[in-house]
Amino acid sequence: MLEGIVRDSIGKKASKSLKRDGYLIANIYAKGLKNINAAFKTNDFIKAVRSKNTLPFEVKVGDSTYKVVVQEYQKHPVTNALTHVDLRVVDDNVVSKYLVPVYTTGIAKGLKNKGVLVQSKRRLAVKCAGKDLPDSFTLDVTELDLGDFILVRDIPVKDGVSIIMDGSVAVVGVTSAK
């Protein structure tokens, strides 16, 4: 489990000092919960996020433990180092909006016909209770030929989960190379 500290001071000077010491600034929030200003060791946070096998993961800040998902993150424009992360608390019984990653499997037919596989959406916005939250959407692209696309409405979802995007939006497809 990832452990962090509660930030007492949220000013610019205190944040810079924590970043210099190798900490990642984080905000933890949820509906009906007071925002928590926290900090995690940057390397520990990256290891925890890469090694997790479900979308929500647990963090311990102070005396409390929270089940969270990464809602948004910011990187330094030059060094590409992680500088800030927003974590949303997952409540099993509360319906909320989440961003779920999209992965592809297989090799598309259209690639043999000089096509290019284009994934236009890396994450999809879904609305569901925390207990129904899918870990990811995995799309099989082996049957896609030139000009074929997988749309949002073509993605199967389980009961209690709804994708809150227009159904005609292309998620992944094969286009001709120029």
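Refer to the structure printed above.
Residues numbered from 1 in each chain as written. Predicted model: local features only at pLDDT ≥ 70, side-chain atom pairs only at ≥ 80, totals over all residues. Heavy atoms only, no water.

### Some thoughts on the environment of lysine 75
Note on placement: lysine 75 falls in strand β5 (residues 64–75). Note: C-alpha distance between lysine 75 and serine 136 (61 residues apart in sequence) is 23 Å. The contacts of lysine 75, once residues within four sequence positions are left out, are Asn80, Ala81, Leu82 and Thr83. (Helix = DSSP H or I, 4+ residues; strand = E, 2+ residues; numbered from the N terminus. Contact = heavy atoms within 4.5 Å.)

### Digging into the sheet that holds strand β8 (residues 115–119)
Pairing in this open sheet of 3 strands is antiparallel, and the strands run β8-β13-β11 from one edge to the other. The sheet is open, and its two edges are formed by β8 and β11 (149–151), each paired on a single side. Taken pair by pair, the neighbouring strands of this sheet meet at an average axis angle of 15°, ignoring direction. Bridge count between β11 and strand β13 (residues 170–176): 3 bridges; the pairing is antiparallel. From the neighbouring strand, isoleucine 150 faces β13, where its bridge partner is valine 172. (Pairing = 2+ DSSP bridges. Axes fitted to C-alpha atoms, helices over the stretch in contact; angles between N-to-C directions.)

### Observations regarding the sheet that holds β5
Strand order in the closed barrel made by the 6 strands is β1-β3-β2-β6-β5-β4, with mixed pairing throughout. Neighbour-to-neighbour, the strand axes of this sheet turn through a mean angle of 45°, independent of strand direction. Here 2 bridges tie strand β1 (residues 2–6) to strand β3 (residues 33–41), and the two strands are oriented antiparallel to one another. Within β3, the position partnered with isoleucine 5 by the bridge is alanine 39. Most of the contacts of helix α1 (residues 12–20) go to strand β2 (residues 23–30), to which it runs at about 120°, and overall it touches β1, β2, β3 and β6 (82–89). On the sheet, helix α2 (residues 42–51) packs against β1, β2, β3, β4 (57–61), β5 and β6 and is oriented at approximately 105° with respect to β3.

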